[in-house]
Amino acid sequence: MPFYKYLLSPKLFKEYDGSKDLYEPGTLEKYGDQLLAALNLMWSFGYYTSPLLITFLYRRGYFVAESVGTLAKFTTGIGLLVAVSLCMRGLGRSMNVVYVRFAECLENAKRHDRTPDSKNQIRKYDFDFKQWPVDFTVTSSVQRAQVPRNKPFWISSLPCQIAAYLAIHTFGIRMIYPGSVQLLQSYIEPMLLQGRTKLMTEERGKRNKVKTADSNEIDTVFIDNRDKSSNGRTLVLCSEGNAGFYEIGIMSTPIELQYSVLGWNHPGFAGSSGSPYPDQDQNAVDAVMQFAITDLGFTPENIVLYGWSIGGYPTLYAASQYPDVKGVILDATFDDVLQLAIPRMPESLSNIVKIAIRDYMNLNHTELISQYSGPVMLIRRTEDEIICSEDNNLATNRGNFLLISMLKHRFPNIFKSDQENLAKEILAKPIEFMRNGKRLLGLKLTFYKSIKLLTKNLTDSDDLCLSLLMSYLTDNGNNGTSRSYPIEIGQDYTSEQRDSMAKFLMKKHLQDFKSTHCTPLPAEYFQLPWEIPSDTDFVFT
């Protein structure tokens, strides 16, 4: 391979040759890389502190004519240092047998248009993902047109709008998604590499680059367990939190249960390009879904969407676009990011915060969840310190409000104002729902209809609530399916009857987990979401 190609070829981290050792660069490559890394760190620091830096230089007189020559010499010196570092690195790589072998594999993969054999060859290496060949490209996007937010324009609000724009596009996006900060990624890079190595070697993971409709390149990993267990026929698509990466994130829980698992990193996270703005995140999860369906061969009916924390946003967006998915599991998530942002900012900035969130970072899960009619399971962490509006106050956990909003939309005649207040009162404390010892097996339509006729008043019986829901769906032309919300059951119920049904529905859509926000989810809490069964199903409560 020509020498010049080694100058800009990707950094090699590891060769999966059976050893646990990382790739060892030679002396020239090592020092060349260190110089380039230091210069890159200086650039990043200067970029983030540019307003302060420019002000400092201006006050010191570096922008007057007499100082232009000094700045030009400094810039030339930096450029020369970069050139020398690149040459040192390239020469060192060209003399390293392992790197030469890797570079030839990468060139071969690019030359042969990503054939299966060339793909398998480059998967033997872990290297800078920017130069990983694209494995799947989205040809069309299924994005739904966004509803325009009509609002009057007032000249008096223009300063707030400008401030909101500048805040979000500088420090704001990094406060909401700290995982996109390069300094943080550099710090945790060894942990990411270790986690990725485990996925590749122990779980037979396959890394793929997915290109989105807006030309971002998304880093994904696929664990195929279809030949390992019955759970493997279901794919769990995992969406991480605002500082989470698939290498060290939520994938471990469904992997333990031997599901097939597809992980991906938000735009701007680790190997994924772009920035985690809502539109880019939507395009990313849409591309990953299309990759799962088109390339991996899973139907939406066999895909479970699993999101943790802020990962609930792409999860619910995907659910709204692919309504036939098997279900949605939301762990430690919230209803609306605005309700978390306002308490954490000075009250004097509340107007700017509202404009910034609504116009540029409108992560509103309540809106999205009303667009999906499939089964949903919410996991609430009772000691969550992140998604509570007030510290150590479970009543302010924003997951409570997401649950109530969803059930209020799906069962409007059950969740009246009294039941909404009841739900808030119940959710203000940790809940350990008592599981009914009875089990109904093969409950037939005629049997639960007779229960309905013989019993005019609802009780706390889970079995009775279930039978009434099933009967209502059949009697009202839903063909026994609950995927047609809202369901108007409860129009003629008393307040006590609504209370009983509300408690039952809350139990079926919520699990409490005594934990803080970032604790890995134990496997026993990862359960497929419940939905109202049809009359031909066996029923387990």
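You'll find the structure just up there.
Keep in mind that what you see is a predicted model, and the values were worked out from it rather than measured. (Residues numbered from 1 in each chain as written. Predicted model: local features only at pLDDT ≥ 70, side-chain atom pairs only at ≥ 80, totals over all residues. Heavy atoms only, no water.)

### With respect to the sheet that holds strand β7 (residues 260–264)
Strand order in the open sheet formed by nine strands is β3-β4-β5-β7-β6-β8-β9-β10-β11, with mixed pairing between adjacent strands. Each end of this open sheet is capped by a strand with a single partner; those strands are β3 (136–137) and β11 (510–513). Examined bridge by bridge, strand β9 (residues 327–331) and strand β10 (residues 376–381) share four bridges and lie parallel to one another. Looking at β10, one finds that D331 is bridged to I379. Each of β9, β10 and β11 touches helix α15 (residues 398–410); the most contacted strand, β10, lies at about 155° to it. (Pairing = 2+ DSSP bridges. Helix = DSSP H or I, 4+ residues; strand = E, 2+ residues; numbered from the N terminus. Contact = heavy atoms within 4.5 Å. Axes fitted to C-alpha atoms, helices over the stretch in contact; angles between N-to-C directions.)

### A closer look at helix α10 (residues 278–294)
End to end, α10 covers 24 Å across 17 residues, agreeing with the expected 24 Å (1.5 Å per residue, within 8%). Within α10, 14 of the 17 residues are buried, leaving the element largely enclosed by the surrounding structure. (Expected span 1.5 Å × (residues − 1). Buried < 20%, exposed > 50% of the residue type's maximum accessible area, 1.4 Å probe, protein only.)

### Examining the nonpolar core
Within soluble globular proteins, side chains that are nonpolar tend to cluster in buried spots. In this structure, F411 and M501 are the most contacted members of the largest nonpolar core, which totals 88 residues. For this core, the leading source of residues is helix α18 (residues 462–475), giving eight residues. Residues Y16, M200, Y259 and L521 belong to the second largest nonpolar core, which totals 22 residues. (Core = buried A, V, L, I, M, F, W, Y, C linked by side-chain atoms within 4.5 Å.)

### Observations concerning empty space enclosed by the protein
On inspection of all chains with the given rule, the structure shows two cavities of 30 Å³ or more. Lining the largest cavity are L330, A332, T333, L378, I379, R380, R381, I387, N397, G399, L402 and L510. Taken together, the elements giving at least two residues each to the lining of the largest cavity come down to β10 and α15. The element that contributes the greatest number of residues to the lining of the largest cavity is β10, accounting for four residues. Along the lines of polarity and charge, the residues of the lining of the largest cavity split into seven nonpolar, three polar and two charged. A breakdown of the residues in the lining of the second largest cavity according to their chemical character gives four nonpolar, no polar and three charged. (1 Å grid on protein atoms, 1.4 Å probe; cavity = no way out; pocket = protein on both sides within 12 Å on 5 of 7 lines; lining within 4 Å. Points joined across faces, edges and corners; volume = space filled by probe spheres on them. Nonpolar A, V, L, I, M, F, W, Y, C, P; charged D, E, K, R; others polar.)

### Points about the pattern of salt bridges
On inspection of all chains with the given rule, the structure shows 19 salt bridges. Between R381 and D331 there is a salt bridge, with its nearest N and O atoms 2.7 Å apart. Placement of the pair is R381 in strand β10 and D331 in strand β9, with a sequence separation of 50 residues. K424 serves as the salt-bridge partner of E420, at 4.0 Å between the closest nitrogen and oxygen. Here K424 and E420 lie together in helix α16 (residues 417–427), a separation of four residues that amounts to about one turn. (Salt bridge = Lys/Arg side-chain N within 4 Å of Asp/Glu carboxyl O.)

### Considerations on the packing of α18 against helix α19 (residues 495–509)
At a minimum axis separation of 10 Å, α18 and α19 run at an interaxial angle of 90°. Of the possible angle classes, the one that applies to α18 and α19 is roughly perpendicular. Together, D462, C465, L466, L468 and L469 of α18 and S500, M501, F504, L505 and K507 of α19 make up the contact between the two elements. (Parallel < 35°, antiparallel > 145°, perpendicular 65-115°, else oblique.)

### Let's talk about the packing of α15 against α16
Close contact between α15 and α16 brings their axes to 10 Å; oriented N to C, the two are set at 150°. Considering the angle they form, α15 stands roughly antiparallel to α16. Crossing handedness for the pair α15 and α16: right-handed. Of the residues in α16, those in contact with N400, F401, L403, I404 and K408 of α15 are E420, A423, K424 and L427. Of the residues contributing to the contact of α15 with α16, the split by class is five nonpolar, one polar and three charged. (Left-handed = near helix turned anticlockwise from the far one by under 90°.)

### A word on helix α11 (residues 312–321)
When you tally the buried positions in α11, you get 10 out of 10 residues, the bulk of the element. Inspection of α11 places G312, Y313, P314, T315, L316, Y317, A318, A319, S320 and Q321 among the buried residues, and these make up the whole buried set. Buried residues along α11 sit against β6 (235–239), β7, α10, β8 (303–308), β9 and α14 (365–369).

### Some thoughts on the environment of R226
Relative to the helices and strands, R226 is located in the loop between β5 (217–223) and β6. Note on R226: relative accessible area 34%, which makes it partly exposed. For the pair R226 and Q258, spaced 32 residues apart in the sequence, the C-alpha separation amounts to 8.8 Å. When residues no more than four places from it in sequence are discounted, the contact partners of R226 are G232, R233, S260, L296, G297 and F298. A polar contact is formed between the side chain of R226 and the side chain of D224, at a distance of 3.0 Å. (Polar contact = N/O pair within 3.5 Å; in protein donor to acceptor, adjacent residues only side chain to side chain.)

### Quick look at a nonpolar patch on the surface
Taken together, the side chains of F3, L28, L91 and M95 define a hydrophobic patch exposed on the protein surface, amounting to about 370 Å² of accessible area. Looking at the secondary structure, you find L91 in helix α4 (residues 65–94). (Patch = residues over 30% accessible without salt bridge, like charges linked within 9 Å, V, L, I, M, F, W, Y side chains within 5 Å. Areas by Shrake-Rupley, 256 points an atom, 1.4 Å probe, with all protein chains shown as cover.)

By themselves, these are just geometric observations and shouldn't be taken as functional.
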